[in-house]
Amino acid sequence: MADGTRDQGNEPPDDEAALSARLQRLGERLTTASRPSENDSDPRQTANASAYARGFRMSTELVAGVVVGAVIGWLLDRWLGISPWGLIVFLLLGFAAGVLNVMRAAGVVRERHLND
Amino acid sequence: MILAVDPIEQFQIHNLFPVAKIGSTEIAFTNSAAFMLAAVFGLTFFLVGATAGGRLVPTRLQSAAEIAYEFVATTVRSTTGSEGMKFFPFVFSIFMFVLTLNMIGLIPYSFTVTSHIIVTAALALTVFFTVLIYGLIRHGFHFFNLFVPKGVPIYILPLIVAIEILSFVSRPISHSVRLFANMLAGHITLQVFASFIILLGTGLGVIGWIGGALPFLMIVILFALETLVAFLQAYVFAILTCIYLNDAIHPGH
């Protein structure tokens, strides 16, 4: 492990709190480093990868909501014989849930537990 | 040299030998099961071997195991708080299992277990039901407060609750599809670019082989990207597991 030479912290390096603080700082640096940056050797590649990952996350969140709504609506239609109302209502609800998922994933709406 | 290039062929499941028969369904030991078993044995040997010495100054292997432990422990602690550490073995197992399977899948001629949605869906459903059952046991009916946001007018509450429930139910789908689709798409891309080299070489002769350097370069770049994706998707799978477990531990009041 690296000793405290390249660390600006003044705590002893073997202290567990200091270690976890350093790990956390490393994690923060890693998250900033994984974002597209100008001084990267191949910025276009990382930018593409990151944007691709983000876009993929959003699209799966949206599609998952719609699919779940459609499946529940279709099953209700079959079981209760109320076709096509189950599909109509739950497809719309599923779309709303998908949009909610996307907004949560994008951080527009905070996760519930972070409010309190 | 003509190769039948089929980018999907690498995902085929072969029966290696039959194990049991339930009804008319034959349960066979497949290549998928073999790779899963290999991953489990590899992980067990790695972790047991790494921690057997328990040295104060770690060896390389022990250091690698400690890094893996610290990495997952930090993730669990930062997303679920110290109370979530009781789920650490669960998250660690999932993370290491998925990571190992993803990494094994990168070896040429091997089989990528995580590119099958049945595997990722099984993992995601395990997480889903863990959240549901633990949340119900721990909080009883208060767990359902998860679906009732605070400060919502009573007349639109039923709508909001329905949307929240659908959002909750759709989690295992996005959870499993993300890992599966990333691995599937990445391996198909690699295979397609690799087949370009063969097609150019067999079709155009010497010029084709020289031109094949371009897709080869692309494969090198893509392989680096795939290595990143293999790690990143295992990490994303683990961190989403933590986020979902957090709902079971602290449902919104």
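Residues numbered from 1 in each chain as written. Chains lettered and ligands numbered in written order. Predicted model: local features only at pLDDT ≥ 70, side-chain atom pairs only at ≥ 80, totals over all residues.

Chemist: What should I look at first to understand the overall build of chain B in this one?
Modeler: Scanning chain B for helices and strands turns up 8 helices and 2 strands. Mapped in sequence order, the helices and strands of chain B form the string β-β-α-α-α-α-α-α-α-α. Compactness check: chain B gives a C-alpha radius of gyration of 23 Å against a globular reference of 18 Å for 253 residues, more than 25% above the reference. Taken along its principal axes, the extent of the C-alpha atoms in chain B is 75 × 55 × 45 Å. Counting every position in chain B, which comprises 253 residues, the buried fraction comes to 29%. For chain B, the proportion of contacts with a sequence separation of at least 24, taken over those separated by at least 6, is 64%. (Helix = DSSP H or I, 4+ residues; strand = E, 2+ residues; numbered from the N terminus. Rg over C-alpha atoms; globule rule 2.2 N^0.38 Å. Buried ≥ 20, exposed ≤ 12 C-beta atoms within 10 Å, placed from the backbone. Contact = placed C-beta atoms within 7 Å.)

Chemist: Please explain the pairing of strand β1 (residues 15–22) of chain B as it appears in this structure.
Modeler: Side-chain positions along a regular strand alternate between the two faces of the sheet. Residue and element names in this part refer to chain B. For β1, the tally of buried residues reaches only 0 of 8 residues, placing the bulk of the element at the surface. Sheet analysis places β1 next to strand β2 (residues 25–30), joined by 6 bridges and oriented antiparallel. If you follow F17 over to β2, its bridge partner there is F29. Count of turn residues in the β1/β2 antiparallel hairpin: 2 residues, of which G23 carries a positive phi of about 65°. (Pairing = 2+ DSSP bridges.)

Chemist: In this structure, what is going on with helix α3 (residues 85–106) of chain A? I would like to understand it.
Modeler: Counting along an α-helix, one turn takes 3.6 residues, and residues three or four places apart therefore face a common direction. Residues and elements named next belong to chain A. With 22 residues, α3 extends 31 Å from end C-alpha to end C-alpha; this agrees with the ideal 32 Å at 1.5 Å per step. If you check which residues of α3 are buried, you get G86, L87, F90, L93, G94, A96, A97, G98, L100, N101 and V102. Positive phi shows up at G107, right after α3, with a value of about 85°. (Expected span 1.5 Å × (residues − 1).)

Chemist: Could you clarify how one ought to interpret helix α6 (residues 171–204) of chain B in this entry?
Modeler: Taking 1.5 Å as the rise per residue, α6(B) with 34 residues should run 50 Å; its terminal C-alpha atoms sit 49 Å apart, in good agreement. Phi turns positive, to about 70°, at G205(B), one or two residues after α6(B).

Chemist: Honestly, the interface of chain B and chain A in this entry has me stumped. Any pointers?
Modeler: Put simply, an interface is often sized by how much accessible area is lost when its parts join up. Each side of the interface is counted separately: chain B has 23 residues, and chain A has 25 residues. Counting residues per element, the ones that place at least two in the side of chain B that touches chain A are α2 (60–80), α5 (157–169), α6 and α8 (213–249) of chain B. In terms of residue count, the dominant contributor to the side of chain B that touches chain A is α8(B) (6 residues). A class-by-class count of the residues in the side of chain B that touches chain A yields 11 nonpolar, 9 polar and 3 charged. (Nonpolar A, V, L, I, M, F, W, Y, C, P; charged D, E, K, R; others polar.)

Chemist: So what exactly am I meant to see when it comes to the environment of G55(A) here?
Modeler: Relative to the helices and strands, G55(A) resides in helix α2 (residues 43–80). Between the C-alpha atoms of G55(A) and V102(A), which are 47 residues apart in sequence, the distance is 10 Å.

Chemist: What am I meant to see in the environment of F90(A) here?
Modeler: Residues and elements named next belong to chain A. For F90, the location among the structural elements is in helix α3. Between the C-alpha atoms of F90 and E28, which are 62 residues apart in sequence, the distance is 40 Å. Those residues in contact with F90 that lie beyond four places of it in its chain are G69, A70, I72, G73 and L76.

Chemist: Would you mind showing me how to read the nonpolar core here?
Modeler: One broad trend across soluble globular proteins is that nonpolar side chains are buried collectively. Counting residues in hydrophobic clusters, the biggest one holds 46 residues, and the most contacted among them are V91(B), I94(B), F95(B), V98(B), A234(B), F237(B) and A238(B). When contributions to this core are tallied by element, the ones reaching two or more residues are α2 and α3 of chain A together with α2, α3 (88–105), α4 (117–139), α5, α6 and α8 of chain B. Broken down by element, the residue count for this core peaks at 10 residues, all from α8(B). Apart from residues lying up to four places away in sequence, I94(B) is in contact with L123(B), F237(B), A238(B) and T241(B). (Core = buried A, V, L, I, M, F, W, Y, C linked by C-beta atoms within 7 Å.)

Chemist: Explanation requested: unusual backbone geometry in the structure shown.
Modeler: Where the residue is not glycine, phi is negative for most of them; where a peptide bond is considered, it is trans in most cases. For Y109(B), which is not glycine, the phi torsion reads 70° and is therefore positive. Positionally, Y109(B) belongs in the loop between α3 and α4.

Chemist: Even after reading the chapter, I still don't get the packing of α2(B) against α3(B), so can you show me in this structure?
Modeler: For any two helices packed against each other, the geometry is given by the interaxial angle and the distance between the axes. Residues and elements named next belong to chain B. Where α2 contacts α3, the axes come no closer than 10 Å and their chain directions differ by 120°. Our classification of the angle between α2 and α3 gives oblique. As α2 packs across α3, the resulting crossing turns out to be right-handed. Along the contact surface, α2 presents A68, V72, A73 and V76, while α3 presents F88, V91, F92, F95 and M96. Tallied by class, the residues present in the contact of α2 with α3 amount to 9 nonpolar, no polar and no charged. (Axes fitted to C-alpha atoms, helices over the stretch in contact; angles between N-to-C directions. Parallel < 35°, antiparallel > 145°, perpendicular 65-115°, else oblique. Left-handed = near helix turned anticlockwise from the far one by under 90°.)

Chemist: Help me out: how do you make sense of the confidence of the model for chain B in this one?
Modeler: Caution applies to low-pLDDT parts of the model: their predicted coordinates are not meant to be read in detail. Summary statistics for chain B give a mean pLDDT of 87 and a share of 97% for residues scoring 70 or more. The complex model carries a pTM of 0.77, and its ipTM stands at 0.73. (pLDDT = per-residue confidence, 0-100.)

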